Amino acid sequence: MLNNDNDKKPIIGIIGGNGRFGFWFKSFFESEGIKTMVADKKTELKPEELAAKSDIIIISVPVLNSIDVIRKVRNFVRPGALLCDFTSIKTLTIKEMLKANQRCGVLGIHPLFGPLVPNLKNQTIVFFPARKNQWIDYLNKLFKNSGAIVVYTNPKEHDKQMAIIQAFTHFINIIFARTVQSKNLKLENIYTTPVFRLQSILAGRIFGANAELYADIEMENPYFLKVLDDFLKEANKFVHYVKRKNRKSFVDDFNKTAYF
């Protein structure tokens, strides 16, 4: 029987709960005294069974897999329960989650941090309430009481922002590292500058994570291709300046951007 009192603790089920991010939240919920179940590739508990037993169902799988998982479990979500996802691209997943039982809630969640943070203090979590439900307020209060900053927005605006903040930033770092690799040059520490070392740290952080995750971020965000086109135009413009030693245009554009 589902809990109907917000003072009571829900049963939370995480699909993909043995992954790094799912496991982080499993540990967090359990530290709060919340019963948390996991369905993953090697668990006896199947996603459909988890969905049928949970008050809050969280899908924590790669973007490409999330749609298939949502379609698989959405008809097992009980009235009064809350269906959520952790994916970083929201327009696709929320559309699919809204096809679930009309009497269940739907909430997109995007934690803007990785599984290496020790706790939720000062970490931002974005909420996308698509269908009202009592457990949305419960999660909001739970996260805020743990020090998180909960921000509400809509899927379209989020994905446009992530095309720059996430996809574009990661793309730049990936290309930076690929270019350094292509030179096949052993870089001596006595020559590296603070800026180069900082850039290398940023790139190294990405390459220490899952390649499939970054492939999804770059390829599945519907707004990133336009950002990429704009980037290539700007890059080609500055390539032109450098090749022709067009110092005036270089300096003018540099100063305009510095002012911005």
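Residues numbered from 1 in each chain as written. Predicted model: local features only at pLDDT ≥ 70, side-chain atom pairs only at ≥ 80, totals over all residues. Heavy atoms only, no water.

**Q** Hey, could you go over the pattern of salt bridges for me, with residue numbers and the actual values?
**A** Summed over all chains, the structure comprises nine salt bridges. Among the salt bridges present, the one from Glu-30 reaches Lys-26, with a minimum N-O distance of 2.9 Å. Of this pair, Glu-30 and Lys-26 both sit in helix H1 (residues 20-31), four residues apart, which is roughly one turn of that helix. Owing to a relative accessible area of 40%, Glu-30 belongs among the partly exposed residues under this scheme. Between Lys-248 and Asp-252 there is a salt bridge, with its nearest N and O atoms 2.7 Å apart. Here Asp-252 and Lys-248 lie together in helix H10 (residues 247-259), a separation of four residues that amounts to about one turn. Here Lys-248 falls in the exposed class, since its relative accessible area comes to 61%. Through salt bridges that share partners, Arg-71, Arg-74, Glu-96 and Lys-99 make up one connected network. (Salt bridge = Lys/Arg side-chain N within 4 Å of Asp/Glu carboxyl O. Helix = DSSP H or I, 4+ residues; strand = E, 2+ residues; numbered from the N terminus. Buried < 20%, exposed > 50% of the residue type's maximum accessible area, 1.4 Å probe, protein only.)

**Q** I'd like to hear about helix H5 (residues 134-145), residue by residue, with values.
**A** Given a rise of 1.5 Å per residue, twelve residues ought to cover 16 Å, and the 17 Å separating the end C-alpha atoms of H5 matches this to within 8%. Contact partners of the buried residues in H5: H1, strand S3 (56-59), strand S4 (82-85), strand S5 (105-111), strand S6 (124-131) and strand S7 (149-152). Sitting at the head of H5, Asn-133 places a side-chain oxygen 2.8 Å from the backbone nitrogen of Trp-135. In the segment just after H5, Gly-147 is the residue with positive phi, at about 100 degrees. (Expected span 1.5 Å × (residues − 1). Contact = heavy atoms within 4.5 Å. Polar contact = N/O pair within 3.5 Å; in protein donor to acceptor, adjacent residues only side chain to side chain.)

**Q** Go over the packing of aromatic side chains with me, naming the residues and quoting the values.
**A** In this structure the tally under the stated criterion is 24 aromatic pairs. With a centroid separation of 6.1 Å and an interplanar angle of 75 degrees, the aromatic rings of Phe-25 and Phe-143 are classed as edge-to-face. Of this pair, Phe-25 sits in helix H1 while Phe-143 sits in helix H5, placing them 118 residues apart in sequence. For the pair Phe-25 and Phe-143, one class covers both residues: buried. With a centroid separation of 6.1 Å and an interplanar angle of 75 degrees, the aromatic rings of Phe-127 and Phe-143 are classed as edge-to-face. Residue Phe-127 is found in strand S6, and its partner Phe-143 is found in helix H5; the two are separated by 16 residues along the sequence. Residue Phe-127 is classed as buried on the basis of its relative accessible area, which comes to 0%. Ring-pair connections join several aromatic residues into one group, and the members of that group are Phe-21, Trp-24, Phe-25, Phe-28, Phe-29, Phe-86, Phe-113, Phe-127, Phe-143 and Tyr-152. (Phe/Tyr/Trp six-rings, centres within 6.5 Å; stacked < 30°, edge-to-face > 60°.)

**Q** Lay out the pairing of strand S2 (residues 36-39) with the relevant residues and their values.
**A** Burial along S2 is two-sided: the face carrying Thr-36 and Val-38 and the face carrying Met-37 and Ala-39 are both buried. Where strand S1 (residues 12-15) and S2 come together, four bridges link them in parallel fashion. Looking at the pairing, Ile-12 lines up with Thr-36 of S2. Handedness of the S1-H1-S2 crossover: right-handed. (Pairing = 2+ DSSP bridges. Right-handed = clockwise from strand over helix to strand, strands pointing away.)

**Q** Can you tell me about the pairing of S7, naming the residues and giving the values?
**A** Of the strand pairs in this sheet, S6 and S7 are connected by four bridges, and their pairing is parallel. Residue pairing for S7: Phe-127 is matched across the bridge by Tyr-152. In this fold, the crossover linking S6 to S7 by way of H5 has right-handed handedness.

**Q** Help me get a handle on the nonpolar core, residues and values and all.
**A** Most often, soluble globular proteins keep nonpolar side chains buried together rather than apart. The biggest cluster of nonpolar side chains holds 28 residues, and the ones touching the most others in it are Phe-25, Phe-29, Ile-56, Phe-127, Leu-139 and Phe-143. Looking at this core, the elements that each hand over two or more residues are S1, H1, S3, S4, S5, S6 and H5. Looking at this core element by element, the count peaks at six residues for H5. Among all residues touching Phe-25, those that are not within four sequence positions of it are Ile-14, Phe-86, Pro-111, Phe-113 and Phe-143. Core analysis: the second largest hydrophobic core is formed by 22 residues, Ile-15, Val-61, Ile-94 and Phe-128 among them. (Core = buried A, V, L, I, M, F, W, Y, C linked by side-chain atoms within 4.5 Å.)

The quantities given are spatial measurements derived from coordinates; they are silent on function.
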